[in-house]
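An overview of the molecular structure
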Amino acid sequence: MTSEPANAQPAERRRSYRALVVEDDGAILRLVKIVLEREGFTVEGVSHGGAAISLLQNVAYDLLILDLMLPHVGGEVVLGYLEETQPKYLRRVIVTTASPRKIPCEFLDRVCRLLAKPFDIDQLILFARECSETDERPGDGS
Amino acid sequence: MANQLALLDAEEIALLVDSVQDYAIFLLGPNGEIRSWNAGAARIFGYSIDQVLGRNFLIVYPEEDIKAEKPKNELAVASATGRIEDEGWRIRANGERFWVNTVITALRNKDGSVRGFAKVTRDLTERREQEERLRQSEELFRLLVDSVREYAIFMLDPEGRITTWNSGAQRIKGYEPSEVIGRSFEMFFPEEDVKAGKPQRELQIARERGMFEDEGWRVRKDGTRFLANAVLTAVHGKHGELRGFAKVLRDVTERKRAEETQRALLEQREARLQAEEEKRRAEASSRVAQEANRAKDEFLMTLSHELRTPMTAILGWSRLLPTLRRDDDLFDDAVAAIARGAEMQARLIDDVLDVSRVVSGKLRLKPEQVDLASVIHGAIDSVRQSADARSISINEAFASNLGSAYVDPTRIQQVIWNLLANAIKFTPLGGAVHVVAVRNSTHVQITVSDTGEGIDPGFLPHVFEPFRQAENPRTRVHGGLGLGLSIVRYIVEAHGGSVSVKSEGRGRGSQFTVALPIAAVIPSEEAREQRKEQPAAPSLNATLLSGVRVLVLDDDNDGRALIRAALMRAGAIVEACDTGARALAQLEKEKPDVVVTDIAMPGMDGYAFTRALRERPHLADLKIVALSAFPIDSQSAETVRFDARLLKPIDPFALVEAVAAAIGKQPS
């Protein structure tokens, strides 16, 4: 990091927070990664659902940013996996989508936040803070 | 007669009388004794001359006449008046009675005293029988007419007064004969018809034309109306004089009612069927509309998705950009990401606009003479970067005679670019894409093949349909709007060409081939030079159409002259016309082997001319080569069958080859 963050926030507190970004569009993945790193997150990025599931099996991420439309294994499959294995962890998931009209209302109850593309990065930062600081720690109650 | 007889002597007169067969002629003495008996008398009465000579003529009269002294009286009258004529019964030798006409003439001495009588008798039996037969037949006919109850049959005199009345008339109209005989037949017509002069008009027409038939209302005795079918026939005497009219009339009220009921039922049935058909059609079109709506919604959703993704990168990176220093590595990455996103969006928008132009028929081509190889190279160059990024090699192989083409270079480059971009998109890292361009006698073919994913056989027929994508929309790997190939097909077809696809199936690559018709292609100068250098070529061309009869139709004088010269140089016998009508007239005179026709002409254009020609059975199989400038009306082209289509400007070589190909001649 060679520049000041877009929003000067006390990033120190989240220095140990880990985030996983699942996004098949390289430019967006890179953008989200940089924004979250400036917020103090340690960020890993993958481009499809299969890679995400295998990481989620081993790492307790503080935040998951999940695109719904992914090649091969879609975001829905990742959510299904979490619902079965760590339902409380869904409170730390931000779902991104470029087709918000396809998302039913009830979907909002399943996850922490829904972010429609194109999203504002301030909104992304706000949601990232909110969802990562939930009381439900990864692994709790699962 | 007497004078003429006077020229004959007595013996000759005796012979003449004797020989008459149809009349009995004999002489009687003053008291009735028979003195002569000719052949006719012998035949009619059945007595020989020996049996009657000297006997009294009473022997041929019936008993009752003799008792009434009729023979004696007849002789007395003849004596007194000189002559008596009578009809009556006679008796033959065999006792048979028969009816005769007889004339007895008194013969006198010079002093006036009666010397005897000449009697001439004619057998009337046959005539009488005929009269009897006629009388009986008339009686029978009268009885027949009288007994007919279904038809009113009655006679009118020339003025329309009723003279006869059968039982049918009585039944149908309700009048007794005594109530109508002598009255005018107008009494059966409704008042308004009588006022309008209808009955008299009917008589008039029957008088002039012999007959009048009519269906209309009539009135019964009780005042009720009925619908009648009536035929009025003029009846003429032996000498053509009008004797009156025969009227035959039928009550068709019931029949009419039944017909109307039937018609109403049929109409109801028809209306029901029509309503059902309309309902079916409405349902079908509603299904089509729903399907179209669904496809449109799906498309809008995809479009929205495809636009939002690059927009996310553009907005995000541009928000980040002000926080970065120029010398920060991220700065260039941000600018590049923004540019890529904007380009992607621009392409999507271009595709959508192209499809919108296609749908509204506003996609206009701007053709010009361009080198095909450089058009293809331009497309390859613009995808080179993305191919390199995936380590995909692009191999090209162009035929040396590829030449130039009269095409819209931007659009043809767009076609090749689309095929290449697809090939790269669906080919795994390290794969290969091949571009091959060749020219044959009728087309230039550009083939783009890859070693990529291939196409599912089930999806193959749909690849060129707009909004169709083989991918599951929930887990799309490649994205895109699914418009590219539909645009490719439209552009190629607008150039008069075709595009086809082959794939052995999933994982086995695919191959797209664009074929542009030869006339859109003019060989490069180099190829032209080569052609000139070959000594065999001109002589080959000079005989290729040797003896082939060609009819040329072009309204443009220069164009016609060029086509004519090119074909004649190849040995063809050419007849040229400047209008469709003249060409059709010429075709009636002589059937050529091939017709070459321009498309755009005032009045009857090439399509109309070809349709007219195909409608004539003896010309339906004629080979037709069409010449056309851009753009080809694919709608009309579908309904008209051409054997070849050449695009203007016309290359003489291509024209000769196309004409030869149309009649199955190959340049060797």
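In what follows, the structure referred to is the one given above.
Note that the structure is predicted; figures quoted are calculated from it, not measured. Position numbers for residues count from 1 along each chain, tracking the sequence in the order it is written. Key to labels: chains lettered from A, ligands numbered from 1, both in the order written. Whole-chain, interface and lining totals are the exception, using all residues; otherwise, since this is a predicted model, local features are given only for residues with pLDDT of at least 70 and side-chain atom pairs are given and counted only at 80 or more. Hydrogens and waters are ignored; side-chain quantities use all the structure's heavy atoms.

Now for the overall build of chain A. Each helix and strand counted, chain A has five helices and five strands in total. Working definition: helices are DSSP H or I runs of at least four residues, strands are E runs of at least two. Numbering for both runs from the N terminus. For chain A, the α and β elements follow one another from N to C terminus as β-α-β-α-β-α-β-α-β-α. Only protein chains enter the accessibility calculation, which uses a 1.4 Å probe; a residue is then buried when its area is under 20% of its type maximum, exposed when over 50%, and partly exposed in between. Here chain A holds 142 residues, and the buried ones make up 52% of them. What sets the accessible areas is the Shrake-Rupley method with a 1.4 Å probe; for residues, cover comes only from the shown protein chains. For chain A, the accessible surface area stands at approximately 6,300 Å², while carbon and sulfur atoms represent 49% of it.

All names here are of chain B. When DSSP finds two or more bridges between two strands, those strands count as paired. Across the sheet, which stays open at both edges, the four strands sit in the order 1-4-3-2 with antiparallel pairing between neighbours. With one partner strand each, in any of the chains shown, strand 1 (23–28) and strand 2 (83–91) form the two edges of the open sheet. Neighbouring strand axes in the sheet, compared pairwise and without regard to direction, differ in orientation by 25° on average. Strand direction decides the pairing type here: strand 2 and strand 3 (residues 97–108), joined by nine bridges, are antiparallel. Within the sheet, the bridge partner assigned to I84 lies in strand 3 and is I104. Sitting on the sheet, helix 6 (residues 70–81) touches strand 1, strand 2, strand 3 and strand 4 (114–123), and the angle it makes with strand 2 is about 165°. Whether two residues are in contact is decided by their heavy atoms, any of which lying within 4.5 Å being enough. With axes taken as lines fitted to C-alpha atoms, and helix axes fitted only over the stretch in contact, angles between N-to-C directions fall between 0 and 180 degrees. Here helix 7 (residues 125–147) sits on the sheet in contact with strand 2, strand 3 and strand 4, set at roughly 135° to strand 3.

Residue and element names in this part refer to chain B. In this analysis, rings of Phe, Tyr and Trp, with Trp reduced to its six-membered ring, are considered paired at centre separations within 6.5 Å, and the interplanar angle assigns stacked below 30 degrees, edge-to-face beyond 60, and tilted for intermediate values. Counted by the stated rule, this structure contains 14 aromatic pairs over all chains. Here the aromatic rings of F154 and W165 are separated by 5.0 Å at their centres, their planes lie at 50°, and the arrangement is tilted. Taken as a pair, F154 in strand 5 (residues 151–156) and W165 in the loop between strand 5 and helix 8 (167–173) lie far apart in primary sequence, 11 residues in all. Residue classification places W165 among the buried positions, given a relative accessible area of 7%. Their ring planes at 20° and their centres at 5.4 Å tell us that W165 and F188 sit as a pair that is stacked. Taken together, the positions of W165 in the loop between strand 5 and helix 8 and F188 in the loop between helix 9 (177–180) and helix 10 (191–195) put the pair 23 residues apart, joining distant regions of the chain. Both residues of the pair, W165 and F188, belong to the buried class.

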